[in-house]
Amino acid sequence: MDPPLTSAHVAFRDEARAWLADHVPDLPPPGSPEAFEQHVSWERELHEAGFQALHWPEEYGGRGADVVTQAIFEEEYVRADGPDRVTVLGTNLLAPTLFAHGTDAQRQRWLPDILAARTIWSQGFSEPDAGSDLASLRTRAERDGDDLVVNGQKIWTSYGAYADWIFALVRTSNFSAPRADSTPDGPTKHAGITFVAIDLRSDGVEVRPIIQLDGHAGFSEVFFTDVRVPIDQVIGEIDDGWPVAMTTLAAERDAPAAPPARYERDLRDLIDIARAVGLDTDDVVRDRIAGLHVRVECYRHQAAATVATLAAGGSLGDGASVTKLLWSELERDLYAFGLELLGAHGEVLDDRAPLRDVAGWHSRYWYARAATIYAGTSEIQRNILARRVLALPKA
Ligand SMILES: Cc1cc2nc3c(=O)[nH]c(=O)nc-3n(C[C@H](O)[C@H](O)[C@H](O)COP(=O)(O)OP(=O)(O)OC[C@H]3O[C@@H](n4cnc5c(N)ncnc54)[C@H](O)[C@@H]3O)c2cc1C
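Analysis parameters
Residues numbered from 1 in each chain as written. Predicted model: local features only at pLDDT ≥ 70, side-chain atom pairs only at ≥ 80, totals over all residues. Heavy atoms only, no water. Phe/Tyr/Trp six-rings, centres within 6.5 Å; stacked < 30°, edge-to-face > 60°. Helix = DSSP H or I, 4+ residues; strand = E, 2+ residues; numbered from the N terminus. Buried < 20%, exposed > 50% of the residue type's maximum accessible area, 1.4 Å probe, protein only. Lys NZ or Arg CZ within 6 Å of the ring centre and 35° of its normal. Expected span 1.5 Å × (residues − 1). Contact = heavy atoms within 4.5 Å. Core = buried A, V, L, I, M, F, W, Y, C linked by side-chain atoms within 4.5 Å.

Visitor: Looking at this structure, I do not really get the packing of aromatic side chains. What am I missing?
Guide: For any pair of aromatic rings, geometry is given as the distance between the ring centres together with the angle between the planes. Under the definition given, this model contains 24 aromatic pairs. Centroid distance Phe36 to Tyr162: 4.5 Å. Interplanar angle 20°. Geometry classified as stacked. Pair noted here: Phe36 is in helix α2 (residues 33–48) and Tyr162 is in the loop between β3 (147–158) and β4 (165–171), with a separation of 126 residues, a long-range link. Both residues of the pair, Phe36 and Tyr162, count as buried. Grouped by ring-pair contacts, the aromatic residues Phe12, Trp19, Trp42, Phe51, Phe73 and Tyr77 constitute a single cluster. The side chain of Arg208 reaches across the aromatic face of Phe223, ending 4.0 Å from its centre.

Visitor: How should helix α3 (residues 67–79) be read in this particular structure?
Guide: Note that an α-helix has 3.6 residues per turn; residues three or four places apart therefore point the same way. With 13 residues, α3 ought to run about 18 Å at 1.5 Å a step, and its terminal C-alpha atoms sit 18 Å apart, in line with that. Burial analysis of α3 places 11 of its 13 residues in the buried class, which makes it a mostly covered element. Every buried residue of α3 is accounted for by Val67, Val68, Thr69, Gln70, Ala71, Ile72, Phe73, Glu75, Glu76, Tyr77 and Val78. Tucked inside the fold, the buried residues of α3 contact α1 (7–23), α2, α7 (260–276) and α8 (283–311). Backbone geometry just downstream of α3 places Asp81 in the positive-phi region, at approximately 60°.

Visitor: Please clarify how unusual backbone geometry should be interpreted in this entry.
Guide: Phi is mostly negative for residues that are not glycine, and the peptide bonds are mostly trans. Within the chain, Ala117 stands out as a residue other than glycine whose phi angle is a positive 55°. Residue placement: Ala117 occurs in the loop between α5 (104–115) and β1 (121–124). At Asp239, a residue that is not glycine, the phi angle is positive and equals roughly 75°. With respect to the secondary-structure elements, Asp239 resides in the loop between β7 (219–230) and α6 (242–253).

Visitor: What is the right way to look at the nonpolar core in this model?
Guide: As a rule of thumb, soluble globular proteins bury nonpolar side chains together. One finds Phe195 and Ile198 to be the most contacted residues of the largest nonpolar core, which totals 53 residues. Those elements that place two or more of their residues in this core are α2, α4 (88–101), α5, β3, β4, β5 (193–199), β7 and α6. Core analysis: the next-biggest nonpolar cluster, separate from the first, contains 25 residues, Val285, Tyr299, Trp327 and Leu342 among them.

The structure is reproduced here in structure tokens:
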């Protein structure tokens, strides 16, 4: 963490570091029901210690923490080897959306359970044929009395197999919206979308887990057949959910960057791998490690600049695409090189291998394949930078 720290920041860092050192558990990835439950218990403990949702306003149970404090916590969390957090979609994406667009009743109804990890939320934006091109979504909802009746399908729903609720985008009008961004006369495809919260235990919901290459059910497909959703679960206005969805995506994009401590730690592991397999004196290997070291340092500076911008009250805007590209491609390349160095040890996942946590490295390698896809693919980030930041002409 490079920004200058106040004495309050230093005191917070010491408090968090000491608490995490005593409490962080060693958990398996949250891809099975038992492991998921262990993660939930851990996050309840985090909540009871006052470290959950630091950035929420105090009136909703947060600490109203500034962005530097949040970044300090995330750094310390990585340094303490804290497990993946399974409540982030509720705490980091839905909550800011409710602060901006929800009603008081909705905030009172959902926020306390999110904070205490009593309710797990998932995000139902993507559909087959509607990922990067989100507004072309086809799940539809029609009004019937005081309910919306929802039919359609979502995909890549993180933690869908274990979640209680989903916040989803559904089309409530403009059903024949063309796929182009706009037409000369008709409404754009962004019109007629509604942002709605759906209880996943409602009749007509079917959640089908997707087993990933790493063997875990990290996400699911979710099918809706005549699912009745009370109107008071619409967040924002019916037919005007696009600005609400943009608040959710901005919360994801404007969050303090992925903690650089993670990549510093992984680079150290990579060097250990090179030593363990006897390739640390190989010039080509040393050169590639040096290249990754430079990228880790670049990313550390970018993350510090992000925190400084947000701390000064700014927003990242389209520049967030630089950050996303840096961390996701670094992650992908770092783990891929580690696996290359591991060679046969990496392939057989043998506990007798003379290396620390080979299976963990393997699993991170597989998951890193997703880093350049979720939260916006690399191609989309490059398009954004080309068009909106560099103002390059469209080919
Ligand atoms: C691990 C993981 C977790 C996820 N969790 C969730 C979740 O919880 N909830 C949720 O709603 N979604 C989730 N997603 C889905 C994610 O948001 C989408 O996968 C992503 O938006 C890309 O959409 P797509 O898969 O439909 O690919 P597409 O949009 O079909 O893209 C396919 C390829 O074409 C490229 N491409 C597309 N359009 C353009 C263009 N205009 N110019 C250049 N190239 C283009 C893309 O970059 C990509 O390489 C998750 C995805 C992953 C991998």
